[in-house]
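Given next are the chains, with one letter for each unit.
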Amino acid sequence: GDSVTQMEGPVTLSEEAFLTINCTYTATGYPSLFWYVQYPGEGLQLLLKATKADDKGSNKGFEATYRKETTSFHLEKGSVQVSDSAVYFCALNVGGADGLTFGKGTHLIIQP
Amino acid sequence: EAQVTQNPRYLITVTGKKLTVTCSQNMNHEYMSWYRQDPGLGLRQIYYSMNVEVTDKGDVPEGYKVSRKEKRNFPLILESPSPNQTSLYFCASSLRAGGASLHFGNGTRLTVT
């Protein structure tokens, strides 16, 4: 079946550090890929997405590139802020009716 | 404002006492879904609905029921809750299934004693 693997953390960084959160996947078809963010006490929000190979999704300074050859969709940001502290979920959908398959989430903590 | 509204936000109940968690969306979305979030397990899908009167099981449907009598509402029913259903529950919707981005509610934290 489909699956998503990501580091769980917590990942602790200092403000202005460079961020990478790794995400790899296995899929039975050609998936769309997503990153969602969950701030404390809230539901998940779509951060960015990519629907085909070599596409780059970007939003709020975060970027991720759909790499079909390595089945990866790593999340990056050049300079993190305290307000980026949250849980980040990588997810995929192969177009079926059963919705998204999520990774277990990566807890990111940014210290001032 | 476009949103998915879940109620209640917090619920403490006892084993065996039937409960319903409501979910409503105001975006005319066809697709709705319920997830549970547990530490170390991430999000797992309970049930989903492609449209009115069309529902199907997700990955962890045991102990849950759903209904979709109207497009905007998708309640989650626990007929006889057990302690292993203590979790954080999220309702989500999207325009359609198959790649469309999900909009999530703010969650319902359920404790079953």
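Look a little higher up for the structure.
Cut-offs applied
Residues numbered from 1 in each chain as written. Chains lettered and ligands numbered in written order. Predicted model: local features only at pLDDT ≥ 70, side-chain atom pairs only at ≥ 80, totals over all residues. Heavy atoms only, no water. Helix = DSSP H or I, 4+ residues; strand = E, 2+ residues; numbered from the N terminus. Buried < 20%, exposed > 50% of the residue type's maximum accessible area, 1.4 Å probe, protein only. Contact = heavy atoms within 4.5 Å. Areas by Shrake-Rupley, 256 points an atom, 1.4 Å probe, with all protein chains shown as cover. Lys, Arg positive; Asp, Glu negative; His and termini not counted. Charge placed at Lys NZ, Arg CZ, Asp CG, Glu CD. Disulfide = S-S within 2.5 Å. Pairing = 2+ DSSP bridges. Axes fitted to C-alpha atoms, helices over the stretch in contact; angles between N-to-C directions. Polar contact = N/O pair within 3.5 Å; in protein donor to acceptor, adjacent residues only side chain to side chain. Phe/Tyr/Trp six-rings, centres within 6.5 Å; stacked < 30°, edge-to-face > 60°. Buried area = accessible area lost by both parts, 1.4 Å probe. Salt bridge = Lys/Arg side-chain N within 4 Å of Asp/Glu carboxyl O. Nonpolar A, V, L, I, M, F, W, Y, C, P; charged D, E, K, R; others polar.

1. Brief notes about the overall build of chain A
Link 1 in the chain: Assigned secondary structure in chain A consists of 0 helices and 12 strands.
Link 2 in the chain: Secondary structure elements in chain A, listed N-terminal to C-terminal, are β-β-β-β-β-β-β-β-β-β-β-β.
Link 3 in the chain: Projected onto its principal axes, the C-alpha coordinates of chain A cover approximately 40 × 30 × 20 Å.
Link 4 in the chain: Counting every position in chain A, which comprises 112 residues, the buried fraction comes to 42%.
Link 5 in the chain: Looking at chain A alone, contacts between residues at least 24 apart form 56% of all its contacts between residues at least 6 apart.
Link 6 in the chain: When the accessible surface of chain A is summed, it comes to about 5100 Å², and 48% of that surface belongs to carbon and sulfur atoms.
Link 7 in the chain: Charged side chains in chain A number 8 positive and 12 negative. The centres of these two groups are separated by 5 Å.

2. Structural notes on the state of the cysteines
Residue and element names in this part refer to chain B.
Link 1 in the chain: This structure, assessed with the given rule, holds 2 disulfides over all chains.
Link 2 in the chain: Two residues share a disulfide in this structure: Cys-23 and Cys-91, whose sulfurs sit 1.9 Å from each other. In this structure the cystine formed by Cys-23 and Cys-91 twists about its S-S bond by roughly -75°; its chirality is therefore left-handed. A residue pair is termed long-range when its members are at least 10 positions apart, and Cys-23 in strand 3 (residues 19-25) and Cys-91 in strand 9 (residues 87-94) qualify at 68 residues. The residues Cys-23 and Cys-91 share a single accessibility class, namely buried.

3. Examining the sheet that holds strand 8 (residues 62-65) of chain A
All names here are of chain A.
Link 1 in the chain: On the basis of which strands lie adjacent, the open sheet formed by 4 strands has the order 3-9-8-7 and antiparallel pairing. Strand pairing shows two members of the sheet lacking a second neighbour, strand 3 (19-21) and strand 7 (56-59), which therefore form its edges. Taken pair by pair, the neighbouring strands of this sheet meet at an average axis angle of 20°, ignoring direction.
Link 2 in the chain: Judged from the 3 bridges that link them, strand 3 and strand 9 (residues 75-77) form a sheet pairing that is antiparallel. By the bridge assignment for strand 9, Thr-20 is matched with Glu-76.

4. Focus on the side chain of Gln-6 of chain A
Residue and element names in this part refer to chain A.
Link 1 in the chain: Its place among the elements puts Gln-6 in strand 1 (residues 3-6).
Link 2 in the chain: Given the relative accessible area of 9%, Gln-6 is considered buried.
Link 3 in the chain: From its side chain, Gln-6 meets the backbone oxygen of Tyr-88 in a polar contact 2.9 Å long.
Link 4 in the chain: A distance of 2.9 Å separates a polar atom in the side chain of Gln-6 from the backbone nitrogen of Cys-90.

5. Considering the packing of aromatic side chains
All names here are of chain B.
Link 1 in the chain: Tallying each qualifying case throughout the model produces 13 aromatic pairs over all chains.
Link 2 in the chain: For the ring pair Tyr-31 and Tyr-48, a centre distance of 6.1 Å and an interplane angle of 25° mean the geometry is stacked. Taken together, the residues span a long stretch of sequence, with Tyr-31 in strand 4 (residues 31-38) and Tyr-48 in strand 5 (residues 42-51) at a distance of 17 residues.
Link 3 in the chain: What makes Tyr-31 buried here is its relative accessible area of 1%.

6. Notes on the interface of chain A and chain B
Link 1 in the chain: In this assembly, 22 residues from chain A lie in contact with 21 residues from chain B.
Link 2 in the chain: Summed over both partners, the interface of chain A with chain B buries about 1500 Å², with 54% contributed by carbon and sulfur atoms.
Link 3 in the chain: At the junction of chain A with chain B, the criterion picks out 0 salt bridges.
Link 4 in the chain: Sorting the residues of the side of chain A that touches chain B by element identifies strand 5 (32-38), strand 6 (44-50) and strand 10 (86-93) of chain A as the ones contributing at least two each.
Link 5 in the chain: A total of 4 residues in the side of chain A that touches chain B trace back to one element, the largest contributor, which is strand 5 of chain A.
Link 6 in the chain: Broken down by class, the residue content of the side of chain A that touches chain B amounts to 8 nonpolar, 9 polar and 5 charged.

7. Some thoughts on the pattern of salt bridges
Link 1 in the chain: The full count for this structure, using the stated rule, is 7 salt bridges over all chains.
Link 2 in the chain: Across the salt bridge formed by Asp-55 of chain A and Lys-52 of chain A, the nearest N and O atoms sit 3.4 Å from each other.
Link 3 in the chain: Among the salt bridges present, the one from Lys-18 of chain B reaches Glu-79 of chain B, with a minimum N-O distance of 3.9 Å. Here Lys-18 of chain B is found in the loop between strand 2 (10-13) and strand 3, whereas its partner Glu-79 of chain B is found in the loop between strand 8 (76-78) and strand 9, with 61 residues between them in sequence.
Link 4 in the chain: The network of salt bridges with common partners includes Lys-18, Lys-65 and Glu-79 of chain B.

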